[in-house]
There are 2 protein chains.
Amino acid sequence: MDAKEVKVGLFGFGTIGAGVVRALKANSDVIASKTGISLSLTKIVDIDTKTNRGVDFSPATLGSDASAIIEDPEVSIVVELIGGAGVARQIVSDCLKKGKHVVTANKELIAKHGPELSALARENGARLLFEASVGGGIPILHPLLSCLRGNKIKRALGIVNGTTNFILSQMAETGASFDDILAEAQARGYAEADPTNDVEGFDAAYKASILSTVAFGKHVDAASMFRQGITNVSREEMRFASGLGYVIKLLAVLEDRENGVDARVHPVLLPKNHPLAAVNNVLNAVYIEGEPIGPLMFVGEGAGPSATSSAVIGDIITVATEGNCPNAPDIFNKAELVPVCDVDNAFYIRMRVEDRPGVMAEISHCLGDKGVSIAQVAQDTIDGDKAEIVWLTHKVSEGNMMDALEQIEALGCVFSVLSVIRVFGTK
Amino acid sequence: MDAKEVKVGLFGFGTIGAGVVRALKANSDVIASKTGISLSLTKIVDIDTKTNRGVDFSPATLGSDASAIIEDPEVSIVVELIGGAGVARQIVSDCLKKGKHVVTANKELIAKHGPELSALARENGARLLFEASVGGGIPILHPLLSCLRGNKIKRALGIVNGTTNFILSQMAETGASFDDILAEAQARGYAEADPTNDVEGFDAAYKASILSTVAFGKHVDAASMFRQGITNVSREEMRFASGLGYVIKLLAVLEDRENGVDARVHPVLLPKNHPLAAVNNVLNAVYIEGEPIGPLMFVGEGAGPSATSSAVIGDIITVATEGNCPNAPDIFNKAELVPVCDVDNAFYIRMRVEDRPGVMAEISHCLGDKGVSIAQVAQDTIDGDKAEIVWLTHKVSEGNMMDALEQIEALGCVFSVLSVIRVFGTK
């Protein structure tokens, strides 16, 4: 049987784009035999038409004019790998308006403009797929929308940023500082020259927003989400956490609640026996709890041209074989974020204080006053008149905890609160 | 929008069947809102129509006559949860011949009769789906057939039997014997009164066969597969393995090779830092390597009414929304098993020998003679004239290893070879 040709256009011929070109070529036989479809990459558009990408492709397909794809009625599927929410937004909009299906790996675009683009897709009988935007190659969005559809998904925890997971894993393994490991990550190409987007949790917040959309059918605003990065996670935190039986991970934390979605991104002290605790370095993982499925975890490479191209090609094949799905539910229903002050968490708090009798009592008083119950406390003398105290609390509302910390920081005996990290797996 | 009603018939109203009935009822709103479909369980057939299953259902739907479903033209989807390859085979055949789509959790049926039933489905414009047959609720078969289709899947490792994983995990954790933990597993309902099917690896071999079909598009015979159970894994093995940095897991091991499929089921010494090593108790996991995806792992509950009903309902929804897929490739292509003697493995071998000078040399000679290179060796004196030796070898062909073991067992100084376990993660 002759394979049916489907013409694909690609925007963005960087590392990921080159990976897609390479994988489409390498696996064209596999794809044709499994699907009966021959995927033909007929047009590639990038502002840079000169650089050698080290992949085999027909030079005539490459150009810098977006309309070459947008205006070509034969291109039915468009892959967007430009990134960001500027040019990409315009191009994706233009393609959807022409009724072209769009496959993208762009988490910022989907988190910020998913509702508008999804509506545009529906109006024009096109599909918008974005499996690669969360967890790289890990099949997570498609399973949630297909074989797990019969479940109520209640909760999701995700290690969704490889850069920060590499930094935290290496800090734990080597005892080195954040700055040293960040420099190593930059040297290896795991972190960008300006690492803000990763280490401050912006990237993870985009992915948390998309996970909420797909898992719960509720779209929340990434920019309004509570977000804490990992720049404050020091060697001391690594040492204390390990001694107490925890690892530190940057997590996207999601729960579907009656009054909205609790979605946050912050470092977490996770018990060493938690399934996510063993997911190290650049691996990503998403842990889900649903009814009736119970707990479920997906682990794999969350970035890079190989893993990402698997997800992109998977989406291309889905569209090429299924076409439009006119009855698919709208998953971008706007939802409110649960105010973070209403969320309960246990806390790890490290502070520097005067080393004299009565200090512990003063601080304990502030905590007790706001209903913060203490699970564990350890004190270290630093030099003659300074000490460090590490507190582990039981679960308490964020609001009460923040009030207590404000009071504590105002105490004369407290030099500074050095670190506040949420703790999972305690009562 | 009114949900479209789809009528479903259920064969087998045991624990799993009751779980499906419960979950369909509990999640009917979720399913209708996500799919636009109302799944209506109009007929249930079981030889036992009396027992109270503790679930809410309309008694009029329950009967013992299979034709009530087979002959009802309104029932378009049939769920088979009878188990085994006897009655179930007949019923599934009859339903497919009537053009009904069949969803089953029956690994024995699919491993033994998948090719014939799949052909029957194709001839009659029906679909045969069996997500629940491997890994319980874990979405593994559907992702391999959908979002991972663009990959060449090269290898798969699976912890696919919860009973044996519980036994091995508990032996490692508590230091108790196989018999004691088996008794506990039976008391908890994790093992059957006759545990043969689980502990001897038959169940895992069925699942290995299905994984080969779905991952590689190559169907291999489960009965011809090399299969070693866990009854020979003693407390000593647990202790030695742990001391050497390994855990012991019963694995389905699959590799797509040029001359066929290497598919086996046997215990494996797995390095403690392998992703599968942390998958304990009744959890299941499948670890895959593909190109371009790289490594990927799925973890979840591999059995039980809740997890299984998630997979069954996922399949029902797939059929209800997609209907038939006339162009789906035939994945049940008959393939040969690679002869196990041609496969290379490293080995752990424990033997009881005479405690006298020269014994180690005699055994080493037999090993060296067959090209078996030794990575590590440890000797313990048991009593005055008996000693135990544990060998870890480098990789060697199974054929050479078995020849060497035959020679060793014939040595006068060797009382018995107590245990032979394959080792992964060594050169």
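Residues numbered from 1 in each chain as written. Chains lettered and ligands numbered in written order. Predicted model: local features only at pLDDT ≥ 70, side-chain atom pairs only at ≥ 80, totals over all residues. Heavy atoms only, no water.

Peer 1: I keep staring at the overall build of chain A and nothing clicks. Help me out?
Peer 2: For chain A, the count of helices and strands is 14 helices and 19 strands. Here the C-alpha radius of gyration of chain A, 24 Å, is about what a compact globule of 427 residues would show, namely 22 Å. Across its three principal directions, the C-alpha atoms of chain A cover 85 × 45 × 35 Å. Out of the 427 residues belonging to chain A, those deemed buried represent 56%. Accessible area for chain A stands at about 16700 Å²; split by element, carbon and sulfur atoms hold 49% of it. Here chain A holds 39 positive side-chain charges and 53 negative ones, and the gap between their average locations is 4 Å. (Helix = DSSP H or I, 4+ residues; strand = E, 2+ residues; numbered from the N terminus. Rg over C-alpha atoms; globule rule 2.2 N^0.38 Å. Buried < 20%, exposed > 50% of the residue type's maximum accessible area, 1.4 Å probe, protein only. Areas by Shrake-Rupley, 256 points an atom, 1.4 Å probe, with all protein chains shown as cover. Lys, Arg positive; Asp, Glu negative; His and termini not counted. Charge placed at Lys NZ, Arg CZ, Asp CG, Glu CD.)

Peer 1: Sorry, what's going on with the nonpolar core here?
Peer 2: When a protein is soluble and globular, its nonpolar side chains tend to lie buried together. Formed by 164 residues in total, the largest nonpolar core has its most connected members in Leu144, Ile167, Met225 and Ile288 of chain A together with Phe11, Leu144 and Ile167 of chain B. For Ile167 of chain B, the contacting residues outside a window of four places in its chain are Phe178, Ile181, Leu182, Ala185, Val199 and Ile230 of chain B. (Core = buried A, V, L, I, M, F, W, Y, C linked by side-chain atoms within 4.5 Å. Contact = heavy atoms within 4.5 Å.)

Peer 1: Sorry if this is basic, but what is going on with unusual backbone geometry here?
Peer 2: For residues other than glycine, phi is negative in most cases, and the peptide bonds are mostly trans. All names here are of chain A. Following Glu291, the chain continues into Pro292 via a peptide bond in cis, with omega recorded as 10°. By secondary structure assignment, the location of Pro292 is in the loop between strand S12 (283–291) and strand S13 (294–301). Of note in this structure, Asn281 is not a glycine but carries a positive phi near 55°. Here Asn281 lies in the loop between strand S11 (260–271) and S12. The partly exposed category is assigned to Asn281, whose relative accessible area is 26%.

Peer 1: What exactly am I supposed to notice about the packing of helix H13 (residues 359–369) of chain A against helix H14 (residues 398–409) of chain A here?
Peer 2: All names here are of chain A. Two numbers describe how H13 lies on H14: the axes approach to 8 Å, and their chain directions differ by 150°. In terms of orientation, H13 lies roughly antiparallel with respect to H14. You can see that H13 and H14 cross each other, and the crossing is right-handed. Where H13 approaches H14, its residues Ile363, Cys366, Leu367 and Asp369 are matched on the opposing element by Met401, Ala404, Gln407 and Ile408. Here the residues of the contact of H13 with H14 are counted per class, giving 6 nonpolar, 1 polar and 1 charged. (Axes fitted to C-alpha atoms, helices over the stretch in contact; angles between N-to-C directions. Parallel < 35°, antiparallel > 145°, perpendicular 65-115°, else oblique. Left-handed = near helix turned anticlockwise from the far one by under 90°. Nonpolar A, V, L, I, M, F, W, Y, C, P; charged D, E, K, R; others polar.)

Peer 1: Mind showing me how you'd approach the relation of the copies chain A and chain B here?
Peer 2: What connects the two chain copies is a rotation about an axis and a shift along it. If you rotate chain A by 180° and push it 0.0 Å along the axis, it lands on chain B with an RMSD of 0.0 Å. What we have between these two chains is a two-fold relation. Relative to the rotation axis, the closest C-alpha in chain A is found at Phe298 of chain A, a distance of 2.3 Å. In this assembly the copies share their binding face: 100% of the residues contributing to the interface of chain A also contribute to that of chain B. (Least-squares fit on C-alpha atoms with pLDDT ≥ 70 in both.)

Peer 1: Explanation requested: the interface of chain A and chain B in the structure shown.
Peer 2: The accessible area lost on association of the parts is a frequent measure of interface size. The partner chain B presents 41 residues to the 41 residues of chain A that form the contact. A combined buried area of about 3600 Å² lies between chain A and chain B, and 58% of that area is made up of carbon and sulfur atoms. Three residues, Lys34, Cys147 and Arg149 of chain A, lead the burial of chain A against chain B; their summed loss comes to 19% of the area buried on that side. The tally of links between chain A and chain B comes to 0 salt bridges. Summed over the shared surface of chain A and chain B, the number is 16 residue pairs in polar contact (both at pLDDT 80 or more). Considering each element in turn, the side of chain A that touches chain B owes the most residues, 10 residues, to helix H12 (residues 305–322) of chain A. Each residue belonging to the side of chain A that touches chain B can be placed in one class, and the counts come to 20 nonpolar, 15 polar and 6 charged. As defined by bridge partners, S13 of chain A adjoins strand S13 (residues 294–301) of chain B across 5 bridges and the pair is classed as antiparallel. Bridged to Leu296 of chain A within S13 of chain B is Gly300 of chain B. (Buried area = accessible area lost by both parts, 1.4 Å probe. Salt bridge = Lys/Arg side-chain N within 4 Å of Asp/Glu carboxyl O. Polar contact = N/O pair within 3.5 Å; in protein donor to acceptor, adjacent residues only side chain to side chain. Pairing = 2+ DSSP bridges.)

Peer 1: So what exactly am I meant to see when it comes to the sheet that holds strand S4 (residues 77–80) of chain B here?
Peer 2: Two strands in a sheet stick together by hydrogen bonds in their backbones, pointing the same way (parallel) or opposite ways (antiparallel). All names here are of chain B. Pairing within the open sheet is parallel, and its 6 strands lie in the order S3-S2-S1-S4-S5-S6. At either end of the open sheet lies a strand with only one pairing partner, and these are strand S3 (62–63) and strand S6 (128–129). As judged from the 2 bridges shared by strand S2 (residues 37–45) and S3, these two strands associate in the parallel manner. Residue pairing for S3: Ile44 is matched across the bridge by Leu62.

Peer 1: Would you explain the side chain of Glu131 of chain A in this entry?
Peer 2: Residue and element names in this part refer to chain A. As for its placement among the helices and strands, Glu131 is situated in the loop between strand S6 (128–129) and helix H6 (141–145). No salt bridge is formed by the buried Glu131; its nearest oppositely charged neighbour, Arg127, is found at 10 Å. Engagement of the side chain of Glu131 in a polar contact is seen with the backbone nitrogen of Leu141, the distance being 3.1 Å. Once residues within four sequence positions are removed from consideration, Glu131 is found in contact with Thr104, Gly136, Ile138, Pro139, Ile140, Leu141, His142, Pro143, Ala311 and Asp315.

Functional significance is not addressed by these values, which are geometric in nature.
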